[in-house]
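Results of the structural survey
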Amino acid sequence: MPEIYVHAVEGRSLDQKRGLIQDITAAVVKHFKVAPESVTVQIVESSKDNKAKGGVLFSER
């Protein structure tokens with residue numbers, strides 16, 4: 001049972017998330033040779049105040 005986690009900064013639309021989950025599921029099904037029902041995808045969102053890159057918060061970019 002493949003389980004995929006995607007970490008991202010908040011702000012994507014439901015349609016964007018849905019599309020990403022569908023694409024990830026299709027790739028896992030193709031390469032791992034499993035049924036779509038066995039693939040779990042979870043998007044873990046962080047607020048822009050709680051994530052930084054290069055020492056700068058995303059909320060300050």
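Above this text is the structure in question.
This text gives an overview of the structure that appears in the document. Quick caveat, the model's predicted, so the values are computed rather than measured. (Residues numbered from 1 in each chain as written. Predicted model: local features only at pLDDT ≥ 70, side-chain atom pairs only at ≥ 80, totals over all residues. Heavy atoms only, no water.)

With that settled, consider the overall build of the protein chain. The helix and strand tally for the protein chain stands at one helix and four strands. The order of α-helices and β-strands along the protein chain, N terminus first, is β-α-β-β-β. In terms of its C-alpha atoms, the protein chain occupies a principal-axis envelope of roughly 40 × 20 × 15 Å. Each of the 61 residues in the protein chain was classed as buried or not, and the buried ones make up 15%. For the protein chain, long-range pairs separated by at least 24 residues make up 60% of all intrachain contacts whose partners lie at least 6 apart in sequence. Counting every atom, the protein chain has about 4,700 Å² of accessible surface; 53% of that belongs to carbon and sulfur. In the protein chain, 9 side chains carry a positive charge and 8 a negative one; their mean positions are 7 Å apart. (Helix = DSSP H or I, 4+ residues; strand = E, 2+ residues; numbered from the N terminus. Buried < 20%, exposed > 50% of the residue type's maximum accessible area, 1.4 Å probe, protein only. Contact = heavy atoms within 4.5 Å. Areas by Shrake-Rupley, 256 points an atom, 1.4 Å probe, with all protein chains shown as cover. Lys, Arg positive; Asp, Glu negative; His and termini not counted. Charge placed at Lys NZ, Arg CZ, Asp CG, Glu CD.)

Here the focus is the pairing of strand 2 (residues 40-46). With seven bridges connecting them, strand 1 (residues 3-9) and strand 2 associate as parallel partners. By the bridge assignment, Ala8 is partnered in strand 2 with Glu45. This β-α-β element, strand 1 to helix 1 (residues 14-32) to strand 2, shows right-handed connectivity. (Pairing = 2+ DSSP bridges. Right-handed = clockwise from strand over helix to strand, strands pointing away.)

Position of Val56 relative to the elements: it lies in strand 4 (residues 56-57). Relative accessible area serves as the criterion here: at 33%, Val56 is assigned to the partly exposed category. With 30 residues separating them in the primary sequence, Val56 and Ala26 have C-alpha atoms 35 Å apart. Beyond its immediate chain neighbours, meaning those up to four positions away, Val56 contacts Lys51 and Arg61.

Right, let's talk about the packing of aromatic side chains for a bit. Any two aromatic rings considered together are summarised by their centre-to-centre distance and by the angle between their planes. The full count for this structure, using the stated rule, is zero aromatic pairs. In this structure, Arg61 packs its charged tip against the face of Phe58, placed 5.3 Å from the ring centre. (Phe/Tyr/Trp six-rings, centres within 6.5 Å; stacked < 30°, edge-to-face > 60°. Lys NZ or Arg CZ within 6 Å of the ring centre and 35° of its normal.)

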